[in-house]
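Structural description and commentary
If you want the building blocks of each chain, they are given just below.
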Amino acid sequence: VVGTEPCKACPDNSGTWTDLLNSSTLFEMTGSTRAEQCLCDIAYFGTVAGTHTASGSCTACPVNTYKALVGTESCQACPSNSNSPQLSDGADDCLW
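These numbers were taken from a predicted model, which means no experiment stands behind them. (Residues numbered from 1 in each chain as written. Predicted model: local features only at pLDDT ≥ 70, side-chain atom pairs only at ≥ 80, totals over all residues. Heavy atoms only, no water.)

1. Quick look at the overall build of the protein
Each helix and strand counted, the protein has zero helices and seven strands in total. Taken from N to C terminus, the helices and strands of the protein fall in the order β-β-β-β-β-β-β. Pairs at least 24 apart in sequence give 33% of the contacts found in the protein among residues at least 6 apart. For the protein, the exposed area adds up to about 6400 Å²; of that, 53% sits on carbon and sulfur atoms. (Helix = DSSP H or I, 4+ residues; strand = E, 2+ residues; numbered from the N terminus. Contact = heavy atoms within 4.5 Å. Areas by Shrake-Rupley, 256 points an atom, 1.4 Å probe, with all protein chains shown as cover.)

2. Quick look at the side chain of serine 88
Considering the arrangement of structural elements, one finds serine 88 in the segment after strand S7 (76–77). For serine 88, a relative accessible area of 2% gives the class buried. Within the structure, serine 88 has its side chain in polar contact with the side chain of serine 84 (distance 3.4 Å). At 2.6 Å, the side chain of serine 88 forms a polar contact with the backbone oxygen of proline 85. If we ignore the near neighbours within four places in the chain, the residues touching serine 88 are Ala43, Thr65, Tyr66, Lys67 and Asp93. (Buried < 20%, exposed > 50% of the residue type's maximum accessible area, 1.4 Å probe, protein only. Polar contact = N/O pair within 3.5 Å; in protein donor to acceptor, adjacent residues only side chain to side chain.)

3. Considerations on unusual backbone geometry
The phi angle at alanine 43 is positive, at roughly 75°, despite the residue not being glycine. A relative accessible area of 5% places alanine 43 in the buried class. A positive phi angle is found at leucine 87, which is not glycine, with a value near 70°. Residue position: leucine 87 is located in the segment after S7.

Coordinates in, geometry out; function isn't part of it.
This is how it looks when you write it as structure tokens:
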């Protein structure tokens, strides 16, 4: 959007991400035009909404869960009889 209004930051633990190379490698993007383009970071879940001002939040995945992708998806539970610390970013953090 062209204008003089300063950019607004995404909420804590989120950012705007894009797959520039179609390679499943995400890069932080600048120049987003809507707050809803803010996505929760890896190991965080939640929802960000809004057009000009972001509302919502991204919360750390609790113990015994993980989240390996950027986005609004929920954290996944570790397999039975395994444990992981808070902020786990993959199933390999679930230890037996």
